[in-house]
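Fold and geometry: a report
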Amino acid sequence: MSDNEADDEFQDAQEELPPPSSLDFETATAIAKQAIYYYFSNEFEKSRKTVEPYAHCDMYCSLGTAVFAYLDAVLTFERKYIEKASKTLKQCMAVCSKRRRHTTAIQNIGKIVKRPNYDFYTIGEVHAELCYTEALLFKSMLSIIEDETLVSFVKAGFRIRNCFLSYKDCLQILETRKWESKEHKMHFESGVRLGVGTFNLMISLLPTRTIKLLEFVGFSGDKNYGLNQLLAGYEERGGLRQILCAMSLLFYNTVTVPNMSDSDGDLKWCDQALDEQLAVYPQGAWFLFLKGRLEFMKGNFKESVEWYTKSWESPNLRPEFHNLCFWELMWVHSVQRQWESALKYAEFLSKQSNWSRTIYFYQQAAIMLMMKPSSKSEEQMNVDKLMAQVPTYKQRIAGKSLPMEKFLIKKSERYFAQKKYLVLPIYELLYLWNCFRIIGKSQNDLLSVFKCIEEEEVFLKNNPKNEFQVDNEALILLLKGACFRQLKLNLQSQDCLRKVLEMEKQIRDDTYLLPFATVELALLAKDQGDTQVAISLLENAKKNFTGYSLESRLHFRIHCGLMELNSKEEPKNGHE
């Protein structure tokens with residue numbers, strides 16, 4: 001459908017719309033579908049104006065308006081947008097509540113013993129239940145940035161638990177209700193698959209000790225079940241939330257899996273899904289962005305830059321969306337050692353984004369250090385200024401500092417303690433963001449990175465030693481070991497990583513290097529087919545090290561690694 005055809009069709013529909021107070025279900029879902037089409041075609045204002053006139057009386061239009069406000073809040077992190085989103089979500093929950101079936105306390109107790117007969121629920125009541133659950137979930141997540149205290153965080157946790165239980169009720173409605181209309185069921189089913197699938201998928205990725213705690217309070221998560229639910233929602237092509245199921249799967253396979261594990265997502269499925277979506281939304285910024293991410297995952301860095309550039313140059317694109325593309329472009333150029341281009345995007349982020357100035361300033365300074373500015377030059381003075389600003393923008397959420405910000409603040413302090421010197425700061429970050437395995441897909445780029453690491457090793461040996469000498473040497477050995485592993489030079493990789501562990505008693509500050517080296521050894525064993533050795537090393541990394549920087553980040557990777565390795569062992573054990 002072309003933009004003009006879509007506009008004409010919507011204008012015809014608008015002329016026949018009933019007054020806002022009597023909007024029927026079919027008309028409301030048609031308006032919502034049109035808003036979704038506009039949104040993913042970059043017609044953001046059209047999309048907003050499509051649903052806003054009915055936000056006060058219709059649950060789907062109210063939910064659409066609330067989601068737009070929520071996206072404004074999380075993309076900008078500005079107080080006025082956060083407050084507007086909170087107000088809009090409250091209105092949405094109120095609109096949905098009027099349509100929900102309200103039960104007495106006695107009836108609620110009865111639900112524990114016996115499931116209600118959902119055939120007595122009207123179409124409006126079952127969809128109101130689903131829309132209310134979605135609005136409550138967005139409100140819960142927004143409250144974490146709205147009020148960054150521990151109390152707010154705990155309250156959000158209880159609300160999210162209620163959402164999880166409500167999605168389970170919606171699944172019961174889907175499976176037990178007698179549906180008279182295929183369309184009514186189709187829209188409801190796509191929403192249930194989206195919610196149940198995403199919850200299961202995200203919970204399954206959490207570390208074991210966290211999952212045990214969540215299971216105690218009523219949560220559960222199964223990765224394969226979650227993926228199958230999302231795929232079922234995606235295959236329901238006419239469903240209102242079908243495109244959101246596609247987005248969830250695409251982000252999971254191209255962003256979540258690469259960041260948290262040592263394996264690729266389902267890139268073949270992503271290729272197929274993106275071809276389908278780009279055929280419908282050729283200028284759609286989200287799908288252009290995800291295509292860029294997919295090419296990055298394949299190691300096609302030049303193609304990745306082209307798609308990311310198409311994404312942020314898309315017509316009518318909101319300025320806040322640019323920052324997502326700039327973040328990716330900064331790393332793609334860094335992987336290729338194109339420091340001037342990487343610096344350009346780092347500067348954009350420092351000036352335009354409110355997400356984390358601490359991270360942005362450090363990254364900008366780190367890229368400038370890779371360009372080796374001369375002493376007392378203007379560039380060197382800018383690096384000093386940026387490093388000095390890194391600690392001043394530290395954030396606290398739920399009463400705690402962000403782990404990556406804490407890590408980079410320590411590194412900025414190290415910079416000055418080492419007389420304005422750091423060891424390959426961008427490559428250290430690339431390793432921590434789990435990008436070395438992606439670089440390994442381009443042998444030329446990997447060899448260039450390795451050469452740079454070796455040059456730094458020679459520089460370190462030929463210059464006066466300082467109190468952090470062992471820490472610096474251990475970092476170089478970890479990076480070399482990671483490169484050797486990607487080059488399939490297993491013995492050399494093992495040698496470097498074991499040397500890091502032998503430095504345990506001499507390392508002063510960078511104790512994170514020890515568990516990370518242990519995990520790298522485990523992954524090396526996995527590459528060689530030594531599954532039991534790999535599992536043992538991952539368990540050691542989890543149990544024998546504590547209190548180091550970025551501990552939670554590594555625990556996610558350990559959990560994903562153990563899940564993958566244990567799944568390989570299960571058929572063998574079952575056969576025995």
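Residues numbered from 1 in each chain as written. Predicted model: local features only at pLDDT ≥ 70, side-chain atom pairs only at ≥ 80, totals over all residues. Heavy atoms only, no water.

Side note on the nonpolar core
In this structure, Phe287, Ile426, Tyr427, Leu430 and Phe436 are the most contacted members of the largest nonpolar core, which totals 141 residues. When residues of this core are assigned to their parent elements, the largest contribution, 10 residues, is made by helix 18 (residues 357-370). The residues contacting Phe436, other than those within four sequence positions of it, are Tyr427, Leu430, Tyr431, Val449, Leu479, Ala482, Cys483 and Gln486. Counting residues in hydrophobic clusters, the runner-up holds 43 residues, among them Tyr60, Ala66, Val95 and Phe164. (Core = buried A, V, L, I, M, F, W, Y, C linked by side-chain atoms within 4.5 Å. Buried < 20%, exposed > 50% of the residue type's maximum accessible area, 1.4 Å probe, protein only. Helix = DSSP H or I, 4+ residues; strand = E, 2+ residues; numbered from the N terminus. Contact = heavy atoms within 4.5 Å.)

Quick word on the environment of Asp384
By the element assignment, Asp384 lies in helix 19 (residues 378-389). Relative accessible area serves as the criterion here: at 14%, Asp384 is assigned to the buried category. Considering only alpha carbons, one finds Asp384 and Ala365, 19 residues apart in sequence, at a separation of 8.0 Å. Apart from residues no more than four positions distant in its own chain, Asp384 is found in contact with Tyr415, Phe416 and Lys420.

Some points on helix 15 (residues 301-312)
For helix 15, which comprises 12 residues, the first-to-last C-alpha distance of 17 Å matches the rise-based estimate of 16 Å (1.5 Å per residue) to within 8%. The inward-facing, buried residues of helix 15 abut helix 14 (285-298), helix 16 (319-335), helix 22 (436-439) and helix 23 (443-461). (Expected span 1.5 Å × (residues − 1).)

A few points about empty space enclosed by the protein
Under the defined criterion, the tally for this structure stands at five cavities of 30 Å³ or more. Taken as a whole, the largest cavity holds about 110 Å³ of empty space. In terms of residue count, helix 4 (residues 59-76) provides more of the lining of the largest cavity than any other element does, four residues in total. Class assignment of the residues belonging to the lining of the largest cavity gives a composition of eight nonpolar, no polar and three charged. (1 Å grid on protein atoms, 1.4 Å probe; cavity = no way out; pocket = protein on both sides within 12 Å on 5 of 7 lines; lining within 4 Å. Points joined across faces, edges and corners; volume = space filled by probe spheres on them. Nonpolar A, V, L, I, M, F, W, Y, C, P; charged D, E, K, R; others polar.)

Examining the packing of aromatic side chains
Overall, the coordinates contain 37 aromatic pairs when judged by the stated rule. On the numbers, 6.1 Å between centres and 55° between planes, the contact of Phe40 with Tyr281 is tilted. Within this pair, whereas Phe40 is found in helix 2 (residues 25-40), its partner Tyr281 is found in the loop between helix 13 (267-280) and helix 14, the two being separated by 241 residues in sequence. Classification of Phe40 by relative accessible area gives buried; the value is 7%. Following the ring pairs from residue to residue traces out a cluster consisting of Tyr37, Tyr38, Tyr39, Phe40, Phe44, Phe68, Tyr281 and Phe287. Geometry around Tyr234 places Arg237 over its ring, the cationic atom sitting 4.5 Å from the centre. Arg414 extends its terminal NZ or CZ atom over the ring of Phe468, reaching a point 4.3 Å from the ring centre. (Phe/Tyr/Trp six-rings, centres within 6.5 Å; stacked < 30°, edge-to-face > 60°. Lys NZ or Arg CZ within 6 Å of the ring centre and 35° of its normal.)

A look at the side chain of Asp72
Mapped onto the elements of the fold, Asp72 is located in helix 4. Of the polar contacts made by the side chain of Asp72, one reaches the side chain of Arg48; its length is 3.4 Å. Setting aside residues up to four positions removed in sequence, Asp72 forms contacts with Arg48, Tyr81 and Arg318. (Polar contact = N/O pair within 3.5 Å; in protein donor to acceptor, adjacent residues only side chain to side chain.)

With respect to the confidence of the model for the protein
In the predicted model, the protein carries a mean pLDDT of 88, and 88% of its residues have values of at least 70. Contacts of residues 1-18 to residues separated by more than four positions or lying in other chains number 22 contacts, the stretch itself having pLDDT below 50. Ignoring residues within four places in sequence, the model shows residues 571-576, a span with pLDDT below 50, making zero contacts including any to other chains. (pLDDT = per-residue confidence, 0-100.)

Some words on the pattern of salt bridges
Taken as a whole and assessed by the stated rule, the structure comprises 31 salt bridges. Between Glu276 and Arg237 there is a salt bridge, with its nearest N and O atoms 3.3 Å apart. Taken together, the residues span a long stretch of sequence, with Glu276 in helix 13 and Arg237 in the loop between helix 11 (223-235) and helix 12 (242-260) at a distance of 39 residues. Given the relative accessible area of 28%, Glu276 is considered partly exposed. Here Asp510 makes a salt bridge to Lys411, at a shortest N to O gap of 3.3 Å. (Salt bridge = Lys/Arg side-chain N within 4 Å of Asp/Glu carboxyl O.)

Quick word on the environment of Val280
Following the sequence through the fold, Val280 ends up in helix 13. Between the alpha carbons of Val280 and Ser41 there is a distance of 8.7 Å; along the sequence they are 239 residues apart.

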